[in-house]
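# Understanding the architecture of this molecule
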Amino acid sequence: MDNPEQYGEDDFAELVSIEDESPTTEARLRIEMEGMMVAVSVPPGNTTHLLDAAVAALITAAAVFGPTATLKAVPEDLPYWAAVGIIGLQLGVVILVAVSTFANKLGNPYRLPG
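Per chain, residues are indexed from 1 in the order of the written sequence. Local features in this predicted model are restricted to residues whose pLDDT is 70 or higher, and side-chain atom pairs enter the listing and the counts only when it is 80 or higher, whereas totals over whole chains, interfaces and linings include all residues. Remark: hydrogens and water are excluded; side-chain values derive from all non-hydrogen atoms of the structure.

## Points about the overall build of the protein
Heads up, the condition is: To qualify as a helix, a DSSP run of H or I must reach at least 4 residues; to qualify as a strand, a run of E must reach at least 2; elements of each kind are numbered from the N terminus. Here the term buried applies to any residue with accessible area under 20% of the maximum for its type, exposed to any over 50%, and partly exposed to those in between, with areas from a 1.4 Å probe on protein chains only. Residue exposure ignores everything except the shown protein chains as possible cover, and the areas themselves are Shrake-Rupley values with a 1.4 Å probe.
Counting its regular elements, the protein contains 2 helices and 2 strands. Reading the secondary structure of the protein in the N-to-C direction produces β-β-α-α. Relative to its full complement of 114 residues, the protein shows a buried share of 11%. Accessible surface, the protein: about 9,600 Å² in total, of which carbon and sulfur atoms supply 64%.

Laid out in structure tokens, this is it:
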């Protein structure tokens, strides 16, 4: 195998561990928000499933918070059918993203059964 240093500087040399964490072979997902932190780590073989779960959570959040934000922002004089149409388009985009994201994984032999 080639020596990565022969092509230039090490890209990871300046990375600093967060909160004195040591390097590990586990796949980690960390989400930090004001007043809240969620950290999940899984064995490297389950990285795909961790990312699938994160994408599914984001799609679910978009399906819930998108229409809610629209209902709060819609002016009172806007006809109800227009608000319903906007929300329908938002949900249609979320459904399209979900289907295009997960449709190719249905036949994947590495997916967990179930």
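## Regarding the pattern of salt bridges
Note the following rule: Salt bridges, as used here, are contacts in which a Lys or Arg side-chain nitrogen is within 4 Å of a carboxyl oxygen on Asp or Glu.
Evaluation of the coordinates by the stated rule reveals 1 salt bridge. Of the charged contacts in the structure, one is a salt bridge between Arg 30 and Glu 32, with a shortest N-O distance of 3.1 Å.

## Digging into the pairing of strand 2 (residues 36-42)
Put simply, the rule reads: We call two strands paired when DSSP finds no fewer than two bridges between them.
Bridge count between strand 1 (residues 27-33) and strand 2: 7 bridges; the pairing is antiparallel. Bridge pairing links Arg 28 to Ser 41 in strand 2. Counting the residues between successive antiparallel strands, the hairpin from strand 1 to strand 2 contains 2 residues, one of them, Gly 35, with a positive phi of roughly 80°.

## Regarding helix 1 (residues 47-73)
Residue pairs three or four apart in sequence face the same way in an α-helix, which turns once every 3.6 residues. So the rule is basically this: Multiplying one less than the number of residues by 1.5 Å gives the expected span of a helix. We call two residues in contact whenever any of their non-hydrogen atoms come within 4.5 Å of each other.
An ideal rise of 1.5 Å per residue puts 39 Å on 27 residues; helix 1 measures up with 38 Å between its terminal C-alpha atoms. Those residues of helix 1 that fall on the buried side of the exposure criterion are Leu 50, Asp 52, Ile 59, Pro 67 and Thr 70. Each element contacted by the buried residues of helix 1 is listed here: strand 1, strand 2 and helix 2 (80-102).

## Quick word on a nonpolar patch on the surface
Note the following rule: To count toward a patch, a residue needs a relative accessible area above 30% and no salt bridge. Like charges then connect within 9 Å, nonpolar side chains (Val, Leu, Ile, Met, Phe, Trp, Tyr) within 5 Å.
A contiguous nonpolar patch, built from Ile 31, Met 33, Met 36, Val 38 and Val 40 and spanning about 430 Å² of accessible area, is present on the exposed surface. Secondary structure elements with two or more residues in the nonpolar patch: strand 1 and strand 2. With respect to the helices and strands, Val 40 occurs in strand 2. When its relative accessible area of 33% is taken as the criterion, Val 40 is described as partly exposed.

## Observations concerning the confidence of the model for the protein
Which entries qualify depends on this criterion: Note: pLDDT gives the predictor's confidence per residue, expressed from 0 to 100.
Per-residue confidence for the protein gives a mean pLDDT of 78; residues scoring 70 or more make up 72%. By mean pLDDT, the top-scoring element of the protein is helix 2 (91), and the lowest-scoring one is strand 1 (80). The model gives residues 4-8 a pLDDT under 50, and that stretch makes 1 contact with residues more than four places away or in other chains.

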